[in-house]
Amino acid sequence: MSTEATGKATLTVTSGLSTNAVIIRLEGELDVNSLPVLRERLQLVWDLSPKSFLVVDLSEVTFCDSMGMNELIEILHRCEERGTRLLLGGVQGVMARVLSITGLRHAFEVFERFDDAMRVTGAHPATGPQAGPREEPGQ
């Protein structure tokens, strides 16, 4: 059901911390109606001392409009001001298409899998919010 039909934001935002990263997981629709939910959670992030990384898990985003993309660009600028590297993980499906269509795929550090983004931070991929045990592939 769309945001217009319910009158409520259809985005769930969870967050977590690792040693040198803040992890934000988005689930649902990233659109003009859900931005207040995201901005409220991000304010908590901006209030923290800067970490080396901000990892945004987009694997469960089902829709993204132009305002959602604008918010991601704002997050990127804020991270650059703070000296924080923004990593977008779980970029598949909807988000891969939106980033490609808009020409913004190369503006961000994009990872198809969330775990790959977490590896860049030096943290175990299961450090993220609501993460359960995961088996690491053999070497």
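These lines cover the structure that appears in this document, whether it is placed above or below. Nothing here was measured: the structure is a model prediction, and the numbers come from that model.

Things to note about the sheet that holds strand β3 (residues 53-64)
Within a beta sheet, neighbouring strands are joined by backbone hydrogen bonds and run either parallel or antiparallel to one another.
Thought 1: Reading across the sheet, the five strands line up as β1-β2-β3-β4-β5 and stay open at both edges, with mixed pairing between neighbours. Each of the sheet's edge strands pairs with one partner strand only, and the pair in question is β1 (11-17) and β5 (109-110).
Thought 2: Where strand β2 (residues 21-30) and β3 come together, nine bridges link them in parallel fashion. In the strand pairing of β3, E29 is matched with F63.

Considering the environment of F111
Thought 1: Of note, F111 is situated in the loop between β5 and α5 (114-121).
Thought 2: The exposure class of F111 is buried, given its relative accessible area of 18%.
Thought 3: Spatially, the C-alpha atoms of F111 and G90 are 6.2 Å apart, while their sequence positions differ by 21 residues.
Thought 4: If we skip the residues at most four places from it in the chain, F111 touches L87, L88, G89, G90, V91, D116, A117 and V120.

Notes on the pairing of β2
Thought 1: Within β2, nine of the ten residues are buried, leaving the element largely enclosed by the surrounding structure.
Thought 2: Pairing analysis gives seven bridges linking β1 to β2, with the strands arranged antiparallel. Directly across from S15, in β2, lies its bridge partner I24.
Thought 3: Crossover handedness for the path β2 to helix α2 (residues 35-47) to β3: right-handed.

Brief notes about the packing of aromatic side chains
Thought 1: Under the criterion given, the structure shown has zero aromatic pairs.
Thought 2: R25 extends its terminal NZ or CZ atom over the ring of F114, reaching a point 4.9 Å from the ring centre.

So, the nonpolar core
A general tendency of soluble globular proteins is for nonpolar side chains to be buried together.
Thought 1: Counting residues in each nonpolar core, the largest one holds 30 residues, and the members touching the most others are L26, L30, L54, M69, I75, L86 and F108.
Thought 2: Counting residues per element, the ones that place at least two in this core are β1, β2, α2, β3, α3 (66-82), β4 (85-89) and α4 (93-102).
Thought 3: With residues near it in sequence (within four places) discarded, L86 still touches L54, V56, L72, I75, L76, C79, F108 and E109.

Quick look at the side chain of E71
Thought 1: Structurally, E71 can be placed in helix α3.
Thought 2: For E71, the contacting residues outside a window of four places in its chain are L35, L38, R39 and L42.

A few points about the pattern of salt bridges
Pairing is possible between side chains of opposite charge, provided their charged atoms come close.
Thought 1: All chains considered together, the criterion is met by six salt bridges.
Thought 2: Close ionic contact of D116 with R119 constitutes a salt bridge, the shortest N to O distance being 3.0 Å. In this pair, D116 and R119 are both assigned in helix α5, three residues apart and thus about one turn of the helix distant.
Thought 3: Taken together, the shared-partner salt bridges in this structure form one network comprising R113, D115, D116 and R119.

What to know about the pairing of β4
Thought 1: Most of β4 sits inside the fold, with four of its five residues counted as buried.
Thought 2: Alignment of β3 against β4, held across five bridges, turns out to be parallel. Its bridge partner lying in β4, D57 is registered against G89.
Thought 3: Crossover connection from β3 via α3 to parallel β4: handedness right-handed.
Thought 4: Across two bridges, β4 lies against β5 in parallel orientation. By the bridge assignment, L87 is partnered in β5 with E109.
Thought 5: Since β4 and β5 lie parallel, the crossover through α4 that links them has a hand, and here it is right-handed.

Quick notes on the rules
- Residues numbered from 1 in each chain as written.
- Predicted model: local features only at pLDDT ≥ 70, side-chain atom pairs only at ≥ 80, totals over all residues.
- Heavy atoms only, no water.
- Pairing = 2+ DSSP bridges.
- Helix = DSSP H or I, 4+ residues; strand = E, 2+ residues; numbered from the N terminus.
- Buried < 20%, exposed > 50% of the residue type's maximum accessible area, 1.4 Å probe, protein only.
- Contact = heavy atoms within 4.5 Å.
- Right-handed = clockwise from strand over helix to strand, strands pointing away.
- Phe/Tyr/Trp six-rings, centres within 6.5 Å; stacked < 30°, edge-to-face > 60°.
- Lys NZ or Arg CZ within 6 Å of the ring centre and 35° of its normal.
- Core = buried A, V, L, I, M, F, W, Y, C linked by side-chain atoms within 4.5 Å.
- Salt bridge = Lys/Arg side-chain N within 4 Å of Asp/Glu carboxyl O.

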